[in-house]
Amino acid sequence: MLNKIVLDLETQKDFSEAGGRGRQRQLRVSVAGIYSYSDDKYSVFEESEIHKLGEILMISDQIIGFNVKQFDLEVLRPYYNFSLDRVPILDILIEIEKVLGHRIGLDVVAEATIGQMKTGTGLAAINLWRAGNWEALKQYWLNDVKLTRQIYEYGRENGKLLYKDFFEVREIPVSFPEAEPRANVVRQGSLF
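Residues numbered from 1 in each chain as written. Predicted model: local features only at pLDDT ≥ 70, side-chain atom pairs only at ≥ 80, totals over all residues. Heavy atoms only, no water.

### Observations regarding the overall build of the protein chain
Summing up its helical and strand segments, the protein chain has 7 helices and 7 strands in all. Ordered by position from N to C terminus, the α and β elements of the protein chain give β-α-β-β-α-β-α-β-α-α-α-α-β-β. A globule of 192 residues ought to have a C-alpha radius of gyration of about 16 Å, and the protein chain, at 16 Å, matches this closely. For the protein chain, the spread of C-alpha atoms along the principal axes amounts to about 50 × 40 × 30 Å. Relative to its full complement of 192 residues, the protein chain shows a buried share of 46%. Long-range pairs, those at least 24 residues apart, make up 66% of the contacts in the protein chain with a sequence separation of at least 6. (Helix = DSSP H or I, 4+ residues; strand = E, 2+ residues; numbered from the N terminus. Rg over C-alpha atoms; globule rule 2.2 N^0.38 Å. Buried < 20%, exposed > 50% of the residue type's maximum accessible area, 1.4 Å probe, protein only. Contact = heavy atoms within 4.5 Å.)

Right, dumping it as structure tokens:
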């Protein structure tokens, strides 16, 4: 089975604290985690455990996420001494933007496509981290990664996603090709 990973993370800061948009590398991870298709499980990592996530990402066949290229991977870059660009990425938001010509939020897609919504906002997640409310923060993260996984699977199975444009539900044709196994990748259980 392919080692596909659905990735999502939450941050310690917002853009205003980091010095503005485009400064993802200054946001710092509060929690990050994955759904692993090969293991059929969710795993969450606090900032002090982020090296474990790096080991998983480095050997994955594909990283799947929503705005993962411009946000999640950029936030993670300062933590790793290897290039995350070596891993094939499927960014659902980029696929949507190719069709629509603009970006839309995860909530807009999730509500129309799978009938579910996010349980909060990124700012609420930052406040949970500041309050030390780890369980609520991890639940918020888990909901986001589950939404992303379900949206990905819906798109793969149906060749489309849905979104609500004012009062009308519209279709977004998508093609999420199956990942290829990566050759010459160190697999789990070896050098780590």
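### Quick look at the sheet that holds strand β4 (residues 62–65)
Spatially, 5 strands are ordered β3-β2-β1-β4-β5 in an open sheet, and the strand pairing comes out mixed. The two strands at the open ends of the sheet, each matched to only one other strand, are β3 (41–46) and β5 (89–91). Neighbour-to-neighbour, the strand axes of the sheet open up by a mean angle of 25°, direction not taken into account. Relative to β5, β4 runs parallel, the two sharing 3 bridges. Along β5, the bridge assignment pairs Ile 63 with Ile 89. The strands that helix α7 (residues 134–158) touches are β1 (4–11), β2 (29–36), β3, β4 and β5; relative to β1, the one it contacts most, it runs at about 140°. (Pairing = 2+ DSSP bridges. Axes fitted to C-alpha atoms, helices over the stretch in contact; angles between N-to-C directions.)

### Some remarks on the environment of Arg 28
With respect to the helices and strands, the residue Arg 28 is situated in the loop between α1 (15–18) and β2. Along the backbone, Arg 28 and Asp 39 are 11 residues apart, and their C-alpha atoms lie at a distance of 27 Å. Beyond its immediate chain neighbours, meaning those up to four positions away, Arg 28 contacts Glu 10, Thr 11, Gln 12, Glu 47, Val 75 and Tyr 79.

### Some details on the nonpolar core
For soluble globular proteins, nonpolar side chains are generally found buried alongside one another. Counting residues in hydrophobic clusters, the biggest one holds 28 residues, and the most contacted among them are Ile 92, Ile 96 and Leu 161. Put simply, the parts of the chain that give this core at least two residues each are β2, α4 (92–100), α5 (106–114), α7 and β6 (160–165). Considering every element that reaches this core, the biggest residue donor is α7, with 8 residues. Ignoring anything within four residues of it in the chain, the contact list for Leu 161 reads Ile 92, Ile 96, Val 109, Thr 113, Ile 151, Tyr 154, Gly 155, Arg 170, Glu 171, Ile 172, Val 174 and Phe 176. Grouped together as the second largest cluster of nonpolar side chains are 24 residues, Leu 9, Leu 53, Ile 56 and Leu 73 included. (Core = buried A, V, L, I, M, F, W, Y, C linked by side-chain atoms within 4.5 Å.)

### Some thoughts on the confidence of the model for the protein chain
A residue-level look at the protein chain finds 91% of positions with pLDDT of 70 or above and a mean pLDDT of 88. For the stretch residues 187–192, pLDDT sits under 50, and the model shows 11 contacts to residues farther than four places along the chain or on other chains. (pLDDT = per-residue confidence, 0-100.)

### Thoughts on the packing of α5 against α7
Close contact between α5 and α7 brings their axes to 10 Å; oriented N to C, the two are set at 55°. When the axis of α5 is compared with that of α7, the two are oblique. Along this stretch, α5 crosses α7, giving a crossing that reads as left-handed. Here Leu 106, Val 109, Ala 110, Thr 113 and Ile 114 of α5 lie close against α7, whose contacting residues are Asp 144, Leu 147, Thr 148, Gln 150, Ile 151 and Tyr 154. (Parallel < 35°, antiparallel > 145°, perpendicular 65-115°, else oblique. Left-handed = near helix turned anticlockwise from the far one by under 90°.)

### What about the pairing of β3?
With 6 bridges connecting them, β2 and β3 associate as antiparallel partners. Across the sheet, Val 31 pairs through a bridge with Glu 46, a residue of β3. Between β2 and β3, which pair antiparallel in sequence order, lie 4 residues; one of them, Asp 40, sits at a positive phi of approximately 50°.

### Overview of the layout of surface pockets
To find the voids left in a structure, one rolls a probe of water-molecule size over its atoms. Taken as a whole, the largest pocket holds about 770 Å³ of empty space. Looking at the largest pocket, it is lined by 31 residues, and the ones nearest its centre are Phe 15, Asn 67, Phe 71, Lys 118 and Gly 122. A class-by-class count of the residues in the lining of the largest pocket yields 12 nonpolar, 10 polar and 9 charged. (1 Å grid on protein atoms, 1.4 Å probe; cavity = no way out; pocket = protein on both sides within 12 Å on 5 of 7 lines; lining within 4 Å. Points joined across faces, edges and corners; volume = space filled by probe spheres on them. Nonpolar A, V, L, I, M, F, W, Y, C, P; charged D, E, K, R; others polar.)

### Details of the side chain of Gln 12
With respect to the helices, strands and loops of the structure, Gln 12 is situated in the loop between β1 and α1. Of the residues examined, Gln 12 reaches a relative accessible area of 10% and is grouped as buried. Among the polar contacts made by the side chain of Gln 12, one reaches the main-chain carbonyl oxygen of Val 29 at a distance of 2.7 Å. (Polar contact = N/O pair within 3.5 Å; in protein donor to acceptor, adjacent residues only side chain to side chain.)

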